[in-house]
Amino acid sequence: MATTDRSVKDSPMLSPLPHPSGRLPILGDVLKLSPSTPVQGEMRMAQDLGSIFEIKIIADRLVVVAGADIAEEIFDESRFAKAIVSPLTKVRQIAKDGLFTAYNSEPNWAKAHNVLAPAFSKTAMRSYHDTMVECVTDLVTYWERSIQGKPGGAVGVPGDMNKLTLEIIGRTGFGYEFNSFAAEATDPFVASMSRALSHVSSSANDIPILRDILGYKGIRQFPKDVELLQSVVDDVITARRRGGSPEQNTDLLQRMLDTPDPATGELLTDENIRYQVLTFLVAGHETTAGVLAFALHYLSLDSDILTRARAEIDEVWPDRSQVITFDQVAKFRYIRRIVDETLRLWPSGPAFFRKAREDTVVADKYLLKKGHPVLVVLLALHRDPAVWGRDSEHFDPDRFLPSAVRARAGHTNAYKPFGTGARACIGRQFALHEAVLALVMLIDKFDFTPDPSYKLKVKELLTIRPDGLELTLTHRTRL
Ligand code: MNH
């Protein structure tokens with residue numbers, strides 16, 4: 001039986017994990033790391049080292065999983081679970097025991113999961129649709145204004161996608177407008193949020209010894225930013241408690257205030273609701289923004305794909321004088337495949353951590369100790385040639401045709417853009433709805449011309465985005 005085969009005692013021959021060549025006595029593999037793009041570095045290492053390997057960073061040993069065969073074992077919830085290690089421990093300074101950063105053992109995880117699951121049901125999603133449409137419409141107006149009288153006007157795509165998704169989660173989440181599309185100075189909340197997130201991710205990516213030196217300025221600013229974030233959110237919660245009219249509010253905040261945990265009968269505390277709101281802002285905006293930016297990059301380069309997408313718009317949403325409906329969004333099968341394929345090549349959360357529940361042996365020969373962190377590199381897993389073929393680097397939405405998905409039925413563990421198991425993404429349907437909706441509305445209104453000299457360069461913070469991507473917009477002329 002499989003479990004016996006894998007138990008530590010019965011393994012006749014344990015092997016050391018493969019590691020990069022040229023390992024140094026004290027530094028280990030430090031010189032092989034890519035400090036500003038660590039996950040892309042690990043993706044490249046996997047090409048030589050295979051499905052599982054180890055990187056030694058001074059005293060730390062990071063186990064990296066990059067292939068579908070090993071991932072299959074690591075995703076087995078009876079043997080492995082989500083691990084909260086850096087950078088997530090750093091994100092905890094903002095979001096504490098909010099859903100994304102709670103330890104598996106913290107009671108608030110299960111409680112908030114129970115309370116919030118219905119807030120991401122299909123019925124709930126329907127109630128966010130109009131607000132999402134309103135936000136995309138605001139972006140369209142913002143873009144129209146920005147290119148008016150400026151033929152050849154280019155827009156910064158990742159930044160504008162961030163504005164859009166922050167506005168969407170702010171308005172659907174807790175009825176808060178960040179005024180992202182107003183020309184004036186950045187909202188202080190947004191400024192603190194982006195500074196805090198980049199502090200967290202830069203101090204997570206760098207090499208331990210340099211952290212204290214390089215992070216000095218950030219270390220003083222960070223607590224101030226966190227305090228501002230918390231006080232704004234607390235004010236929103238207090239205001240809602242005082243003046244809220246529940247029948248009009250179906251947003252995430254109102255649901256958290258009103259819904260008791262079915263298991264304990266208890267409501268979430270105001271303090272915990274604060275951390276959930278911050279969690280949704282952290283986990284729910286840059287991720288979807290990244291997918292949208294990468295998708296627009298590919299659409300700007302491939303006119304065949306764009307033509308098919310627009311043909312689908314004509315078919316599913318023929319009368320554009322009518323606002324697009326919730327049910328229409330679900331019918332965009334081809335545009336959904338564009339999103340799926342974008343999340344394959346560039347999963348916006350490019351890696352996540354697991355840990356063994358007990359000492360265990362994987363691939364019949366590698367011992368993983370209880371609790372030792374294992375990094376699953378989706379960037380590599382999603383390109384594993386054993387599953388995705390020799391052309392796995394090539395962007396092709398047809399990989400997600402139902403027939404193609406069926407043909408991969410034996411490899412369901414080779415595609416996990418939303419994570420896995422109990423701690424998988426709660427916002428998956430929300431993100432997919434918003435991404436498909438935004439792509440439909442944007443490619444319907446605009447043509448996107450790439451800068452011929454732009455070569456895709458991927459920036460890593462906690463999430464990934466196409467670095468410096470600018471596209472020239474022109475109003476689409478239709479007959
Ligand atoms: Mn999201 C967890 C990817 C959009 C809220 N999300 C995760 C995980 C991945 C992920 C991967 C698991 C991380 C881990 O194992 O450590 N999320 C995405 C991607 C998108 C995304 C690729 C967009 C595309 N996520 C969203 C949106 C929201 C959201 C939108 C909220 C509205 N995600 C979460 C929360 C968790 C999570 C909350 C933590 C769930 C839990 O642990 O219970």
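Our subject is the structure listed above.
Just so you know, these numbers come straight off a predicted model, no measurement behind them. (Residues numbered from 1 in each chain as written. Predicted model: local features only at pLDDT ≥ 70, side-chain atom pairs only at ≥ 80, totals over all residues. Heavy atoms only, no water.)

Asks: For this particular structure, what's the right way to read the overall build of the protein chain?
Replies: For the protein chain, the count of helices and strands is 20 helices and 12 strands. Restricting the contact set of the protein chain to residue pairs at least 6 apart, pairs at least 24 apart contribute 73%. When the accessible surface of the protein chain is totalled, it reaches about 22000 Å², and 55% of it is carbon and sulfur. In the protein chain, which carries 58 positive and 61 negative side-chain charges, the distance between the mean positions of the two groups comes to 3 Å. (Helix = DSSP H or I, 4+ residues; strand = E, 2+ residues; numbered from the N terminus. Contact = heavy atoms within 4.5 Å. Areas by Shrake-Rupley, 256 points an atom, 1.4 Å probe, with all protein chains shown as cover. Lys, Arg positive; Asp, Glu negative; His and termini not counted. Charge placed at Lys NZ, Arg CZ, Asp CG, Glu CD.)

Asks: I'm lost on the pairing of strand E12 (residues 470–475) in this one. Help?
Replies: Successive side chains on a regular strand alternate, one facing one side of the sheet and the next facing the other. Across three bridges, strand E4 (residues 154–156) lies against E12 in antiparallel orientation. Of the residues in E12, the one forming a bridge with glycine 156 is glutamate 470. Pairing of strand E9 (residues 446–450) with E12 involves five bridges; the strand directions are antiparallel. Each bridged residue has a counterpart across the sheet, and for proline 450 the counterpart in E12 is leucine 471. (Pairing = 2+ DSSP bridges.)

Asks: Before we go on, may I ask you to explain the nonpolar core in this structure?
Replies: Across soluble globular proteins, nonpolar side chains have a tendency to be buried as a group. Among the nonpolar cores identified, the biggest contains 146 residues, and Ile74, Ile94, Trp143, Met161 and Leu296 are the most heavily contacted of them. Structurally, this core is a two-domain feature, drawing no fewer than three residues from each of domain 1 (1–88 + 349–412) and domain 2 (97–344 + 417–479). For isoleucine 94, the residues in contact, after removing those within four places along its chain, are Ala196, Leu197, Val200, Phe222, Val226, Leu229, Gln230, Tyr275, Leu278 and Val282. (Core = buried A, V, L, I, M, F, W, Y, C linked by side-chain atoms within 4.5 Å. Buried < 20%, exposed > 50% of the residue type's maximum accessible area, 1.4 Å probe, protein only. Domains from an automatic or database assignment.)

Asks: Got a minute to help me understand the sheet that holds E9 in this structure?
Replies: Strand pairing in a sheet is mediated by backbone hydrogen bonds. Such pairs are either parallel or antiparallel. With antiparallel pairing, three strands are arranged side by side in an open sheet as E4-E12-E9. Pairing within the sheet leaves two strands with one partner each, and these edge strands are E4 and E9. Strand-to-strand twist across the sheet, computed as the mean angle between neighbouring axes with direction ignored, equals 40°. Of the strands in this sheet, E9 and E12 are in contact with helix H13 (residues 286–301), which crosses E9 at around 80°. (Axes fitted to C-alpha atoms, helices over the stretch in contact; angles between N-to-C directions.)

Asks: What should I look at first to understand the site of the ligand in this one?
Replies: Around the ligand, a shell composed of 26 residues is seen, among which Lys82, Leu99, Trp109, Arg423 and Cys425 lie nearest. With respect to the ligand, the backbone of alanine 283 contributes an N or O atom lying 3.5 Å from a nitrogen atom. Here an oxygen atom of the ligand and a side-chain polar atom of arginine 423 are 2.7 Å apart. Secondary structure elements with two or more residues in the shell around the ligand: helix H12 (270–283), H13 and helix H20 (428–445). Class assignment for the residues of the shell around the ligand results in 17 nonpolar, seven polar and two charged. (Near = heavy atom within 4 Å. Polar contact = N/O pair within 3.5 Å; in protein donor to acceptor, adjacent residues only side chain to side chain. Nonpolar A, V, L, I, M, F, W, Y, C, P; charged D, E, K, R; others polar.)

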